[in-house]
Amino acid sequence: MKSFIISFLLFFSSVFYPLLVSAQTCQQAKSMDNEVFKERREILMKQMRDFSIALIKGGDIVMDNHDDDIPFRQNNNFYYLTGFDNPKAFLILIKDRVSRSILFTDILPLGNQYDKGPHSVEEVMKATDIDEAYNISEFDKLFGEIVNYIQVQDEGNKKLTIYYNRLDKDLEKMILDLSKRDIGKDRQSNITAEISMLDSLPLIHSMRRIKSCAEIEMLETAICITGAAIHKTLQGLPSFFHEREIKATLGYEYALEGAVREGFASISASGPDTLIVHDTKFGRELREHDMVVLDIGADYNYYTADISRTVPKNGKFTQEQSDIYTAVLKVQEEIISRIKPGISGMGLHDQSIKLIAYELYQLKLITDEKSKWQYLLYYPHGIGHKLGMNVHDVGGWKNPDDTYATYQENMVVTVEPGIYVSLLVLEKAKEVLGYFKPFFDDDPTLKFEIPSDEELKTFKDTVHAAVEKYNEIGVRIEDDILVTNDGYRNLSGFIPKTIPDIEALMTGK
Ligand SMILES: [Mn+2]
């Protein structure tokens, strides 16, 4: 018996232990319970006018070229309010004397052999704890009844407010058509209400900008998974021959760690392609002295990470690669250290331009630190953006009243400066600046005048040697930062970023 136990234990440790150690390294945040979604619906309804409804449409199934479905991902606002990730769905929030939520979706017949989905409205109600659920086939009829019902409730006012996504013109037309058909049908009450159509997005987006603890945990899981994938990619990169191997490694690690999809099209740019900010093709053979930019993020339960690391393909920085990398890293760390509630994203971008210009001047890549256009030839994007369910999450750089939006506690933002050195861009400087100018003209901080041909020639002649020296090196470094009550917490700071840490991980030394 004893020997059986020993051999069993040996068997167990030899067979199962390696499996255990190769399993996931990220602790997975537990999915949100229905109370969370219910509370969000209640908060939204509190902001709505009395006697109004909000109509939130779920995501559409998108076809690829012919008859192939692109993998379905629920609309973020819809998911935010329901936690329900089936296609063909509508949510109606009714705010009257007693507020309630109604979910419509595709109920599949039992025995359906093609699609996975709910087989009864009871199943939907049990899964979501929503007040009422119906088959989507009843939507047209019930929408009319709801519209009329609200008007009866609000007879004194005779005004019906419908909140919807104003960007969705098909939805707008559908609401208007259905309302025209149904309003006034109830002859007994003799109602001819006028309809106010209001945009639901500002209300929902203002909620989504500030993250709850549960949302921060989701983001931390997505970031951990992304970190694990970067770790594996960096270890493998010195022996990789093609960018495809990066893609394979990322996909494998994501799935293994619990993320079934990426939050956006992964960017892996190598060699001269590091100068392209959005290269998602994974189409290039790797070369020994390439730099490789990874700008990636796993999606975990509808929350995405967004992290960039730039490394030498062979694991060892050359002097030139190190010069550019060190400059970007200094700027990135300085900008991160300035994050706290009350500062604006635009203000940070402006500071990042000054810091990058200082570094470019030291590297002899520009001739005037204060120039409004010289830096742009090497730093053609913003310092960062909000992060959440969308990789470029809701809440832009400006408020509706045109003032600059400020960071607040429990927002999550990215910090991603970059320097990209290109002889071709230098040569085409006039065209490049001409491309940017119209976008910048409205912004007093960024507005610039195109330099004269003479000025441009002097500039080109002066910086040409330095640009040649660093040609085709592109570096971007990006972390995901939680704004705290008195500063920040770098959620992705554990992912190797200094030159010694990267070299040690990649070469095993
Ligand atoms: Mn980003």
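Model, not experiment: these values are computed from the prediction.

Split into domains, the protein chain comes out as domain 1 (34-206) and domain 2 (210-507). A straight line from the C-alpha centre of domain 1 to that of domain 2 covers 39 Å. Split by residue class, the side of domain 1 that touches domain 2 holds 4 nonpolar, 2 polar and no charged.

Another aspect to go through is the pairing of strand β11 (residues 291-296). Judged by how many residues are buried, β11 sits mostly within the fold: 6 of 6 residues are covered. Here β11 shows two buried faces, one formed by Met291, Val293 and Asp295 and the other by Val292, Leu294 and Ile296. Inspection of the sheet shows strand β10 (residues 267-270) paired to β11 by 4 bridges, in the antiparallel sense. Across the sheet, residue Ser268 finds its bridge partner in β11, namely Leu294. Note that β11 and strand β14 (residues 307-312) share 6 bridges and pair antiparallel. Within β14, the residue paired with Ile296 across the bridge is Ile307.

The next point concerns the sheet that holds strand β15 (residues 412-415). Taken together, 3 strands build an open sheet; the order of strands is β15-β18-β19 and the sheet is antiparallel. The two strands at the open ends of the sheet, each matched to only one other strand, are β15 and β19 (488-490). Taken pair by pair, the neighbouring strands of this sheet meet at an average axis angle of 35°, ignoring direction. Strand direction decides the pairing type here: strand β18 (residues 479-483) and β19, joined by 3 bridges, are antiparallel.

If you walk across this open sheet you meet the 6 strands as β6-β5-β4-β1-β7-β8, and the pairing is mixed. One side of each edge strand has no neighbouring strand; the edge strands of this open sheet are β6 (132-135) and β8 (194-199). Pairs of neighbouring strands in the sheet enclose a mean axial angle of 20°, with direction left out of account. The sheet contact formed by strand β5 (residues 100-105) and β6 spans 4 bridges and is parallel. Directly across from Phe104, in β6, lies its bridge partner Tyr134. In the packing of helix α2 (residues 34-47) onto the sheet, contacts are made with β1 (52-57), β4 (89-95) and β5, and the angle to β4 comes to roughly 55°. The sheet strands contacting helix α5 (residues 139-153) are β1, β4, β5, β6 and β7 (159-164), and the helix crosses β4 at an angle near 10°.

A separate point is the nonpolar core. Ranked by internal contacts, the top residues of the largest apolar core, which has 113 residues, are Ala222, Ile225 and Ile419. In terms of residue count, the dominant contributor to this core is helix α8 (residues 213-236) (10 residues). When residues of this core are sorted by domain, at least three fall in each of domain 1 (34-206) and domain 2 (210-507). Not counting residues up to four positions away in its chain, the partners in contact with Ile419 are Ile324, Ala327, Val328, Ile356, Tyr378, Tyr379 and Val475.

Summarising the element assignment, Ser239 is placed in the loop between α8 and α9 (243-257). Note on Ser239: 10 C-beta atoms within 10 Å, which makes it exposed. Ser239 sits 99 residues away from Arg338 along the chain, and the two C-alpha atoms are 38 Å apart.

What follows covers unusual backbone geometry. Its identity as a non-glycine residue notwithstanding, Asp129 has a phi of 60°, on the positive side. One can find Asp129 in the loop between α4 (121-128) and β6. Using a count of 14 C-beta atoms within 10 Å as the deciding quantity, one classes Asp129 as partly exposed. Positive phi values are uncommon outside glycine, yet Tyr302 reaches one of about 80°. Locating Tyr302 in the fold gives a position in the loop between β12 (298-300) and β13 (303-304). Exposure remark for Tyr302: the 22 C-beta atoms within 10 Å place this residue in the buried category.

To continue, consider the pairing of strand β17 (residues 473-476). Across the two faces of β17 the burial is the same, with Ile473 and Val475 and Gly474 and Arg476 all buried. When strand β16 (residues 418-421) meets β17, the two strands line up antiparallel, connected through 4 bridges. Within β17, the position partnered with Tyr420 by the bridge is Gly474.

Calculation criteria
Residues numbered from 1 in each chain as written. Predicted model: local features only at pLDDT ≥ 70, side-chain atom pairs only at ≥ 80, totals over all residues. Domains from an automatic or database assignment. Nonpolar A, V, L, I, M, F, W, Y, C, P; charged D, E, K, R; others polar. Buried ≥ 20, exposed ≤ 12 C-beta atoms within 10 Å, placed from the backbone. Helix = DSSP H or I, 4+ residues; strand = E, 2+ residues; numbered from the N terminus. Pairing = 2+ DSSP bridges. Axes fitted to C-alpha atoms, helices over the stretch in contact; angles between N-to-C directions. Contact = placed C-beta atoms within 7 Å. Core = buried A, V, L, I, M, F, W, Y, C linked by C-beta atoms within 7 Å.

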